[in-house]
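Next come the chains, spelled out residue by residue.
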Amino acid sequence: MERDEEIIEDQQDGSLESILEEDAGAPQKIVGDVNPMALDFHPTQNNCVVGWIDGSISFHLYEASSTVKLFDLSYHTSSCRVALFSTEGNRIFTGSADKSLAAVDVETQKLLFRKTAAHKDGINAMIIQDSNIITGDDDGTIKVWDIRQQKETHIWKLDDYVSDFALVPGTNTLLAASGDCTLSVLNTRSGKTQAQAESADELLSLLLMRDGTRVVCGTQQGLLEVWNYGSWEDSIEKVRGHPESVNTMVKIDEESAILRETSKGTSY
């Protein structure tokens, strides 16, 4: 729970107001009794899922000026740190600090599966690749899961927590950022490590930018560290001036814009 408490220390009212600023005509903010830890949007519909620090998830419909909770479920025993829709949007996959991995059918609201010991430590990162789910935990373990068979196919072990993932489109390449100050380049088909870049700081967030030619990582000290994709020996730039750690980044477009959690936003 310590890492969860650090993440939400400045977010005390149990709302998503700190993630999306209120604006005239925008959907109403989602307010819960506890702090939100995860958020994902449906790929084709005006729905979103929120994971909460008490382990529950909630499913919402948002419109031009309103937000309605359609259902909530509780099946994790600790913080729901990641919640993602499937590519089709008919399932929700969740990972928790209780070390479990689960899937829910959106239409029936039934639990499709829950692996109670998917990891030996709390799950902190997740990404979906075709028929695979990729998960990373607090101890640096990364697993590739075959969704159809509900079993792991590849495992890697880093030296500290896994913070974020990115997939390289059209390939089997996974990028993994870690608290051990490394950016790993992994092949999800062969299970091999292709390369590894090193930083002087913990890497907390990760984005592919400029049509996949740049890799940008947010760091513990508030820097954005940038690599040319494929050139991993040294980063090409460190953007300074951010007062806090860069825990989350959202790509606005391919060319320049990044939104980071610790401020209003920045451009690169």
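Note that residues are indexed from 1 along each chain, following the sequence as it is written. In keeping with the predicted nature of the model, local features appear solely for residues at pLDDT of at least 70, side-chain atom pairs appear and are counted solely at 80 or more, and the whole-chain, interface and lining totals rest on all residues. Note that the side-chain values use all heavy atoms of the structure and ignore hydrogens as well as water.

Caption draft 1: Structural context of the pattern of salt bridges. Here, a salt bridge means any side-chain nitrogen of Lys or Arg that lies within 4 Å of a carboxyl oxygen of Asp or Glu. Across all of its chains, the model carries six salt bridges by this definition. In this structure, Lys143 engages Glu152 in a salt bridge whose closest nitrogen and oxygen atoms are separated by 3.2 Å. Take Lys143: its relative accessible area is 11%, and that puts it in the buried class. Among the residues examined, Glu152 registers a relative accessible area of 34% and is labelled partly exposed. Residue Asp146 is joined to Arg148 by a salt bridge in which the shortest nitrogen-to-oxygen separation is 3.6 Å. Think of it in three bands: with a 1.4 Å probe and only protein chains considered, a residue is buried below 20% of the maximum accessible area for its type, exposed above 50%, and partly exposed in between. Residue classification places Arg148 among the exposed positions, given a relative accessible area of 65%.

Caption draft 2: Representation of the sheet that holds strand E2 (residues 47–52) in the model. For two strands to pair, DSSP has to find at least two bridges joining them. Numbering of helices and strands runs from the N terminus, with a helix taken as a DSSP run of H or I at least four residues long and a strand as a DSSP run of E at least two residues long. Spatially, the four strands line up as an open sheet ordered E1-E2-E3-E4, and their pairing is antiparallel. Looking at which strands have only one partner, the edges of the open sheet turn out to be strand E1 (36–41) and strand E4 (67–74). Averaged over all pairs of adjacent strands, the angle between strand axes in this sheet comes to 20°, irrespective of strand direction. For E2 and strand E3 (residues 56–62), the ladder comprises five bridges, and the chain directions are antiparallel. Its bridge partner lying in E3, Val50 is registered against Ser58. Comment: axis = line fitted to C-alpha atoms, over the contacting stretch for helices; angle = value between 0 and 180 degrees taken between N-to-C directions.

Caption draft 3: Molecular detail of the pairing of strand E14 (residues 173–178). Buried residues dominate E14, accounting for six of its six residues. Of the two faces of E14, the one holding Thr173, Leu175 and Ala177 and the one holding Leu174, Ala176 and Ser178 are both buried throughout. Looking at chain direction, strand E13 (residues 162–167) and E14 are connected through five bridges and run antiparallel. Of the residues in E14, the one forming a bridge with Val162 is Ser178. Linkage of E13 to E14, two consecutive antiparallel strands, is achieved through a turn of five residues, within which Gly170 is found at a positive phi near 75°. Both E14 and strand E15 (residues 182–187) contribute to a ladder of five bridges, which runs antiparallel. Considered in E15, the bridge of Ala177 is made with Leu183.

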